[in-house]
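Observations on the model geometry
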Number of protein chains: 2
Amino acid sequence: MRPREFDHDEVLRVAFDQFWRKGVRGTSLSDIARDAAVQRGSLYNAFGSKEALFLEAYERYAGDYLAALHKALAVGSLRKRLTSFFDLTITNFRSGTPPRGCPTTRGLMELGAAEGEGLDDNARQAFARLISRITAMLQDTLVAAAARGEFDGNPAAAALHIVTVTRGLAVLERAFGDEPQLRKIAGHTIDLVLGRTGG
Amino acid sequence: MRPREFDHDEVLRVAFDQFWRKGVRGTSLSDIARDAAVQRGSLYNAFGSKEALFLEAYERYAGDYLAALHKALAVGSLRKRLTSFFDLTITNFRSGTPPRGCPTTRGLMELGAAEGEGLDDNARQAFARLISRITAMLQDTLVAAAARGEFDGNPAAAALHIVTVTRGLAVLERAFGDEPQLRKIAGHTIDLVLGRTGG
DNA sequence: GCGCATTTTTGACGGCGTGTCAAATATTTT
DNA sequence: AAAATATTTGACACGCCGTCAAAAATGCGC
């Protein structure tokens, strides 16, 4: 056997960086090959296709991101947890120069076809899976808060609402690029979910 | 002068139908040319570029959509108005077979680059403009409702919140394709905005 | 230590996309 | 009828995806 001449993980990092900055369709394998100092054909040999490469790179990102969210949701009052959650979310959207937006939301809308009827259904499932995991984490957080008497609404509905807002924030970020606005919306959402009086 | 051999509006309709179903990047001018029975070069001559063609087609859509929203927000109690608003929004996302999603949100995330730093900045501005108009309409509705004593929150913040949720719904639609879920989230949002007690 | 099997690398190809250009075509106006 | 003008048409250059066979480099069995 002949050994690989490049570092698998390094390529994944380079690839995801490009996908994040320029979108999946906007990034060519030639771009990645150039930046990673790898021949284009080698990428096909190692990963199979552009979509497969993206998927592997994305899963790495998703794991890291979930871990960070988990940490953010683990400490303090419910209000503090949700504030940390939104902070992390928005900071993630606004990271990079220029800001890169939310890779999940961008990928989801970019790869188009909805549930089932799509050629890139693997990617769609990966995006959906991350959103589901985030929703579940939020719900757990709310259930725990309810047990402590910090929350009295419907945890499932509230978690879904919050996650919907984060997806909306990702869209507004692309539309206006107005970070203070995003933070204002986040704050307002927390107030609504906690009930204007509670807190 | 030589007259055009094709119907300008007909091409716009065909083009937007394809853009909506397959995304901007996923639709080729060859596709549009075939469906519209027009030569590809004629499209370049008449519209200049793919982006310009999309823009013109999108503006037509945006106008129609705004008019429909305006109607939906014009009658009944505030709760009824918001319900009609979300109904129309979700129905729009779920129209077509298979459902086509939200063209604004899809386009916004697809054409990538955020505010300023983008090659397709005209398109981004068009998307942002529609979102701003929707927000303004919601705000007007809430201000009017407040004057009638049907609402007592911050109209600007609430309008922004609602519009954020609609963008989030567009994303979740792509992720899960679960229409009942979307309607549940919409209902929950209305409850939150109106205050769980108010009606 | 040496040859062989196996894997990776490399370069070329076909197909499709965008956008441009000049030549051909069809009207309107003079 | 002829000139002016705009549209249509087909060919071209360039970039990207994915495939393929040939070349190169290593590990393994002897």
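Residues numbered from 1 in each chain as written. Chains lettered and ligands numbered in written order. Predicted model: local features only at pLDDT ≥ 70, side-chain atom pairs only at ≥ 80, totals over all residues. Heavy atoms only, no water.

**Some points on the pattern of salt bridges**
Tallied over the entire structure, the rule returns 32 salt bridges over all chains. Residue B:Asp31 is joined to B:Lys22 by a salt bridge in which the shortest nitrogen-to-oxygen separation is 2.9 Å. Two residues, B:Arg34 and B:Asp35, come together in a salt bridge whose shortest N-O distance is 3.2 Å. One network of salt bridges, with partners in common, ties together A:Asp87, A:Arg94, A:Glu173, A:Arg174, A:Glu179 and A:Arg183. (Salt bridge = Lys/Arg side-chain N within 4 Å of Asp/Glu carboxyl O.)

**Let's talk about the protein's contact with DNA strand D**
Not every one of the 20 residues close to DNA strand D is listed here, only the nearest: A:Arg2, A:Arg40, A:Tyr44, B:Met1 and B:Glu5. Counted by atom, the contact set of DNA strand D within 4 Å of the protein is 72% sugar and phosphate. Within the side chain of B:Arg2, one N or O atom sits 2.9 Å away from a base oxygen of DNA strand D. With respect to DNA strand D, the backbone of B:Glu5 contributes an N or O atom lying 2.7 Å from a phosphate oxygen. Contributing elements (two or more residues each) for the surface near DNA strand D: helix 2 (29-36) and helix 3 (40-47) of chain A together with helix 3 (40-47) of chain B. With 4 residues, the top contributor of residues to the surface near DNA strand D is helix 3 of chain B. Looking at the surface near DNA strand D residue by residue, the class counts come to 6 nonpolar, 7 polar and 7 charged. (Near = heavy atom within 4 Å. Polar contact = N/O pair within 3.5 Å; in protein donor to acceptor, adjacent residues only side chain to side chain. Helix = DSSP H or I, 4+ residues; strand = E, 2+ residues; numbered from the N terminus. Nonpolar A, V, L, I, M, F, W, Y, C, P; charged D, E, K, R; others polar.)

**Some thoughts on the interface of chain A and chain B**
Residue-level contacts link 42 residues of chain A with 41 residues of chain B. The contact between chain A and chain B buries some 3,700 Å² in all, and 71% of this surface belongs to carbon and sulfur atoms. Taken together, chain A and chain B are joined by 0 salt bridges. Counting every contact that joins chain A to chain B gives 5 residue pairs in polar contact (both at pLDDT 80 or more). Looking at which element gives the most residues to the side of chain A that touches chain B, the answer is helix 8 (residues 155-176) of chain A, with 16 residues. In the side of chain A that touches chain B, the residues fall into 21 nonpolar, 11 polar and 10 charged. (Contact = heavy atoms within 4.5 Å. Buried area = accessible area lost by both parts, 1.4 Å probe.)

**Some thoughts on the protein's contact with DNA strand C**
Around DNA strand C lies a shell of 20 residues, among which A:Arg2, A:Glu5, B:Arg2, B:Arg40 and B:Tyr44 are the nearest. In DNA strand C, atoms within 4 Å of the protein come from the sugar-phosphate backbone in 70% of cases. Here a sugar or linking oxygen of DNA strand C sits 3.4 Å away from a polar atom, N or O, in the side chain of A:Asn45. Take B:Lys50: an N or O atom from its side chain is 3.2 Å from a phosphate oxygen of DNA strand C.

**Quick notes on helix 4 (residues 50-72) of chain B**
Spacing of three or four residues puts side chains on the same side of an α-helix, whose turn is 3.6 residues. All names here are of chain B. Look at helix 4: 33 Å from first C-alpha to last across 23 residues, which is about the 33 Å you get at 1.5 Å a residue. Turning to helix 4, its buried residues number three or more, namely Leu53, Phe54, Ala57, Tyr58, Tyr61, Ala62, Tyr65, Leu66, Leu69 and Ala72. Contact partners of the buried residues in helix 4: helix 1 (8-22), helix 2 (29-36), helix 3, helix 5 (78-93), helix 6 (103-110) and helix 7 (121-147). (Expected span 1.5 Å × (residues − 1). Buried < 20%, exposed > 50% of the residue type's maximum accessible area, 1.4 Å probe, protein only.)

**Points about the packing of helix 8 of chain A against helix 8 (residues 155-176) of chain B**
Between helix 8 of chain A and helix 8 of chain B, the least distance of the axes is 7 Å, while the angle of their chain directions is 95 degrees. In terms of orientation, helix 8 of chain A lies roughly perpendicular with respect to helix 8 of chain B. Contact residues: A:Leu160, A:His161, A:Thr164, A:Val165, A:Arg167, A:Gly168, A:Leu169, A:Val171 and A:Leu172 in helix 8 of chain A; B:Leu160, B:His161, B:Thr164, B:Val165, B:Arg167, B:Gly168, B:Leu169, B:Val171 and B:Leu172 in helix 8 of chain B. Class assignment of the residues belonging to the contact of helix 8 of chain A with helix 8 of chain B gives a composition of 10 nonpolar, 6 polar and 2 charged. (Axes fitted to C-alpha atoms, helices over the stretch in contact; angles between N-to-C directions. Parallel < 35°, antiparallel > 145°, perpendicular 65-115°, else oblique.)

**Section: the UniProt feature "domain: HTH tetR-type" (unreviewed entry) in chain A**
Residues given the UniProt feature "domain: HTH tetR-type" (unreviewed entry) here are residues 5-65 of chain A. Helix and strand shares over residues 5-65 of chain A are 77% and 0% respectively, and the end C-alpha atoms of the span are 29 Å apart. (UniProt positions renumbered as here; feature names shortened; annotations may be inferred.)

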